[in-house]
Amino acid sequence: MSKRCPGCGQINDDSRIFCSACGEPLDAQLRLIQDLEKQKKAPQKKSAAPRHVDDDDYVPPAPREKEKSLLPWIVLGLVVVAVAVAWFLLK
């Protein structure tokens, strides 16, 4: 009996471990091990939403505070100074 390659369909001898045409492993367990090694080496993607098994343990992330701008305070200060200067000059 011969082994058929799952990758390219090439028929190989029973003694072969890898396909003679494409090099794909012919043994299902060997393919599984190689797939697991590829998954370990692949960079992990961070998911946008946290995955939780139990909703009771879920703690929502803290809300982000807006950055407070100093621009309105600077403008208000300039207006106050301008009004004070105008008041003293017109008096």
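Being a predicted model, the structure only gives us computed values, none of them experimental.

Peer 1: It is not clear to me how a nonpolar patch on the surface should be interpreted in this structure. Could you clarify?
Peer 2: Together, L70, W73, I74, L76, L78 and V80 make up an exposed nonpolar region whose accessible area comes to about 690 Å². When you line up the elements, W73 lands in helix α2 (residues 71-90).

Peer 1: What is the right way to look at the packing of aromatic side chains in this model?
Peer 2: The tally for this structure, following the rule as stated, stands at 1 aromatic pair. Here W87 and F88 contribute two aromatic rings whose centre-to-centre distance is 5.1 Å and whose plane-to-plane angle is 70 degrees, an arrangement assigned as edge-to-face. Owing to a relative accessible area of 59%, F88 belongs among the exposed residues under this scheme.

Peer 1: Where do I start with the side chain of N12 in this structure?
Peer 2: Within the secondary structure layout, N12 lies in strand β2 (residues 11-12). According to the relative accessible area criterion, N12 is buried, its value standing at 2%. Polar side-chain contacts of N12 include one of 2.9 Å to the side chain of S20. Leave out the neighbours within four places in its chain, and N12 touches S2, K3, C5, C19, S20 and L26.

Peer 1: Quick question: what am I supposed to make of the state of the cysteines here?
Peer 2: In a disulfide, the sulfur atoms of two cysteines are covalently bonded to one another. In the structure shown here, the tally under the stated rule is 0 disulfides. Its sulfur unpaired, C5 is 3.5 Å from the next cysteine sulfur, which belongs to C22. The exposure class assigned to C5 is buried, which follows from its relative accessible area of 3%. Judged by its relative accessible area of 43%, C22 falls in the partly exposed class.

Peer 1: I keep staring at the confidence of the model for the protein chain and nothing clicks. Help me out?
Peer 2: Reading predicted coordinates in detail is not appropriate for stretches of low pLDDT. Residues at a pLDDT of 70 or more form 85% of the protein chain, whose mean pLDDT is 82. The least confident element of the protein chain, judged by mean pLDDT, is strand β1 (residues 3-4) at 84; the most confident is α2 at 93.

Peer 1: Can you help me understand the environment of R31 in this one?
Peer 2: Tracing the backbone through its elements, the reader meets R31 in helix α1 (residues 28-41). Under the relative-accessibility criterion, R31 is labelled partly exposed at 24%. Separated by 25 residues in sequence, R31 and P6 place their C-alpha atoms 10.0 Å apart. When neighbours within four sequence positions are excluded, R31 is seen to be in contact with P6, E24, P25 and L26. One polar contact links the side chain of R31 to the main-chain carbonyl oxygen of L26, over a distance of 3.2 Å.

The rules behind the values
- In this convention, every chain numbers its residues from 1, walking through the sequence in written order.
- With the structure being a predicted model, the display of local features is reserved for residues of pLDDT at least 70 and the display and counting of side-chain atom pairs for 80 or more, all residues being used for whole-chain, interface and lining totals.
- Hydrogens and waters are ignored; side-chain quantities use all the structure's heavy atoms.
- Residues with no salt bridge and a relative accessible area higher than 30% make up the patches, which join like charges within 9 Å and nonpolar side chains (Val, Leu, Ile, Met, Phe, Trp, Tyr) within 5 Å.
- Residue-level accessible areas treat just the shown protein chains as cover; the underlying method is Shrake-Rupley with a 1.4 Å probe.
- By definition, a salt bridge exists where a carboxyl oxygen of Asp or Glu is found within 4 Å of a side-chain nitrogen of Lys or Arg.
- Elements are defined by DSSP. Helices are runs of H or I of four residues or more, strands are runs of E of two residues or more, and each kind is numbered from the N terminus.
- Only centres within 6.5 Å qualify two rings of Phe, Tyr or Trp (six-membered ring in Trp) as a pair; their planes then separate them into stacked at under 30 degrees, edge-to-face at over 60, and tilted for everything else.
- With a 1.4 Å probe rolled over the protein chains alone, any residue whose accessible area is under 20% of its type maximum counts as buried; one over 50% counts as exposed, and the rest are partly exposed.
- Here a polar contact is taken to be a pair of N or O atoms separated by no more than 3.5 Å, where protein atoms must pair a possible hydrogen donor with a possible acceptor and residues adjacent in sequence count only if both atoms sit in side chains.
- Residues count as neighbours in contact if any of their non-hydrogen atoms are within 4.5 Å of one another.
- Working definition: a disulfide is two cysteine sulfur atoms within 2.5 Å of each other.
- Confidence of the prediction at every residue is given by pLDDT, a number between 0 and 100.

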